[in-house]
Amino acid sequence: MEKEICALEIRNTTAILTIGNVLKDEKKVNIVYQVVRPLSTFLKNGEVLDQESLTRDIKKMLVYEDLKHNIRTKINEIILVYEPYGLDVFNSEKSGSVLSSDNLIGRNDIKNVVNSLKKERIPNRENAIIDIVPSFFLIDGAKKFTEVPLGQASTDLVVNANIYTLPERNFRDLLDAVQNAGVVISKVVISPVGTAQLFKSYNPNIDTYVLVDCGKKSTIVSFIGNNTVYSSTWFKYGFSDLVDEVAVEFNISRGEAEDLINLYGLDSRTSVINPVICTSEIDNLKATFYADDLNAIVSKYFKDFVEQLNAKIDSLINVYSDEEKALIKNNLSVMFIGDGLKNIALRRILYKKLNSYIDVSINVGKIGRP
């Protein structure tokens, strides 16, 4: 039997609505519909600047139309996906007594301990708890479980969990804007936390890596170990910066610049032919630009991008000892998602520039995230 799920992700410049069916036997999601719409008023790194405008944008997305099958459905319930701007992660452990007379662990026992975790003091008082993900469970003080130990016999239960927090104001403002659109929010998810679980189903052999979400205006970098997000950061440099650089240098529109980038990318082939790819006018004089001119801009962009990315990766693992850092870096994979890497030629550049990592995977096909 299939269960339909609707997820709404609000990014800085776009809203993404995805509808999928969960096949219970396979435990995988089959995407049946996805729409990406630009926001009338952009968010500023997760901060809602115009709540009414955002609500209007969301309302327009809540009607699903399948003209081929003559289906028109209004979406009433969604999972709301947050971006990890200002994300703080900390670990905590709470215990409780098993309340049933037969000492068999039930759902209420799990719920009671998790509720005590929700009351945990937050290190950053401006943040709010968004999600709690158990790492493991202990029963009888010794037996360890990674899955929920329902039905196990014990007098006590310990839950060790990672607690995920975001700036409370940003969280509340986005929540209010979505609820004001007339939709029920069944669950909230932080994007890299959900993506890590999705990657786990795709490739269970890789559980420790850096997840790089390449957006148009910023890039989010998350460190994931044992399929768990331990930390996340970001830098303000995305695909739009490359488009802007080409547009300014060639004195053309952003649309024309993006077309050139998508058409040519970076052509590293050596050839005596250096074709004209663009003409414009600068200071009332005709200007002619060649493939080499575009190559120089794209190459510099990725040099700067990789430098910033490496610095952010170093900052994420800087909390570990020198011995642990060396072990992590020697075994580190990097996973890329995002709209900024749809161009195949641009992906090849990353493969070359990130050769210090043992595996570089770009998954824009399976998970497209503008």
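Residues numbered from 1 in each chain as written. Predicted model: local features only at pLDDT ≥ 70, side-chain atom pairs only at ≥ 80, totals over all residues. Heavy atoms only, no water.

(A) Up close: the overall build of the protein. On a plain count of helices and strands, the protein comes out with nine helices and 18 strands. Scored against the burial criterion, the 370 residues of the protein give a buried share of 47%. Across the protein, the fraction of contacts at a sequence separation of at least 24, relative to all contacts at a separation of at least 6, is 63%. Put simply, the protein shows about 19,800 Å² of open surface, and 48% of that area lies on carbon and sulfur atoms. (Helix = DSSP H or I, 4+ residues; strand = E, 2+ residues; numbered from the N terminus. Buried < 20%, exposed > 50% of the residue type's maximum accessible area, 1.4 Å probe, protein only. Contact = heavy atoms within 4.5 Å. Areas by Shrake-Rupley, 256 points an atom, 1.4 Å probe, with all protein chains shown as cover.)

(B) The confidence of the model for the protein, seen in detail. Counting all residues, the mean pLDDT for the protein is 85, and 86% of those residues have values of 70 or more. Least confident of the elements in the protein is strand S18 (residues 359-362), whose mean pLDDT is 54; most confident is helix H3 (residues 168-179), at 96. Below pLDDT 50 for its whole length, residues 364-370 participates in 28 contacts with residues either more than four positions away or in separate chains. (pLDDT = per-residue confidence, 0-100.)

(C) Molecular detail of the pattern of salt bridges. Inspection of the entire model under this criterion finds ten salt bridges. One salt bridge in this structure joins Arg169 and Asp173, with 3.8 Å as the shortest N-O distance. A residue pair is termed a helical-turn pair when its members lie 3 or 4 positions apart in one helix, as Arg169 and Asp173 do in helix H3 at four residues. Overall, the relative accessible area of 60% leaves Arg169 in the exposed class. You can call Asp173 buried: its relative accessible area is 18%. Between Lys303 and Glu307 there is a salt bridge whose closest N-O contact spans 2.9 Å. (Salt bridge = Lys/Arg side-chain N within 4 Å of Asp/Glu carboxyl O.)

(D) Fine view of the packing of helix H1 (residues 51-61) against H3. With their axes 8 Å apart at the nearest point, H1 and H3 run at an angle of 45° to one another. As judged from the angle between their axes, H1 and H3 are oblique. Crossing handedness for the pair H1 and H3: right-handed. Contacts between H1 and H3 involve Gln51, Leu54, Thr55 and Ile58 on the former and, on the latter, Asp173, Leu174, Asp176, Ala177 and Val178. (Axes fitted to C-alpha atoms, helices over the stretch in contact; angles between N-to-C directions. Parallel < 35°, antiparallel > 145°, perpendicular 65-115°, else oblique. Left-handed = near helix turned anticlockwise from the far one by under 90°.)

(E) Highlighting the sheet that holds strand S9 (residues 143-145). The strand order across the open sheet built from four strands is S7-S10-S8-S9, with neighbouring strands paired in antiparallel fashion. At either margin of the open sheet sits one strand with a lone partner, and together these are strand S7 (88-97) and S9. Strand-to-strand twist of the sheet, defined as the mean angle between neighbouring strand axes without regard to direction, takes the value 35°. (Pairing = 2+ DSSP bridges.)

(F) Focus on the pairing of strand S13 (residues 219-225). Most of S13 sits out of view: seven of its seven residues are buried. Of the two faces of S13, the one carrying Thr219, Val221, Phe223 and Gly225 and the one carrying Ile220, Ser222 and Ile224 are both buried. As defined by bridge partners, strand S12 (residues 209-214) adjoins S13 across six bridges and the pair is classed as antiparallel. Within the sheet, the bridge partner assigned to Asp213 lies in S13 and is Ile220.

(G) Structural detail: the packing of aromatic side chains. According to the stated counting rule, one finds ten aromatic pairs in the structure shown. Seen in terms of ring centroids, Phe250 and Phe289 are 4.2 Å apart; in terms of plane orientation they differ by 20°. Their pairing is stacked. On the criterion of sequence distance, the pair formed by Phe250 in helix H5 (residues 239-250) and Phe289 in strand S16 (residues 285-290) is long-range, its members being 39 residues apart. Comparing Phe250 with Phe289 shows no difference in burial state: the two are buried. Taken together, the aromatic side chains of Phe235, Tyr237, Tyr301, Phe302 and Phe305 make up a single cluster linked through ring pairs. In this structure, Lys144 is placed above the aromatic ring of Phe136, and the distance from its NZ or CZ to the ring centre is 4.3 Å. (Phe/Tyr/Trp six-rings, centres within 6.5 Å; stacked < 30°, edge-to-face > 60°. Lys NZ or Arg CZ within 6 Å of the ring centre and 35° of its normal.)

(H) Seen up close, the side chain of Asp131. Following the sequence through the fold, Asp131 ends up in strand S8 (residues 127-139). Excluding residues that lie within four positions of it along the chain, Asp131 makes contacts with Asn162, Ile163, Tyr164 and Val193.

(I) Spatial organisation of unusual backbone geometry. Positive phi is not limited to glycine here, since Asn45 has a value of about 50°. Position of Asn45 relative to the elements: it lies in the loop between strand S3 (28-38) and H1. Since its relative accessible area comes to 24%, Asn45 is described here as partly exposed. Even without being glycine, Asn226 reaches a positive phi, approximately 55°. With respect to the helices and strands, the residue Asn226 is situated in the loop between S13 and strand S14 (228-235).

(J) Highlighting the packing of H5 against helix H6 (residues 254-264). In contact at an axis separation of 8 Å, H5 and H6 are set at 110° when each is read in the N-to-C sense. By the angle class used here, H5 and H6 are roughly perpendicular. Contacts between H5 and H6 pair Phe239, Ser240, Leu242, Val243, Asp244, Val246, Ala247 and Phe250 from the former with Arg254, Ala257, Glu258, Leu260, Ile261 and Asn262 from the latter. The residue inventory of the contact of H5 with H6, partitioned by class, reads nine nonpolar, two polar and three charged. (Nonpolar A, V, L, I, M, F, W, Y, C, P; charged D, E, K, R; others polar.)

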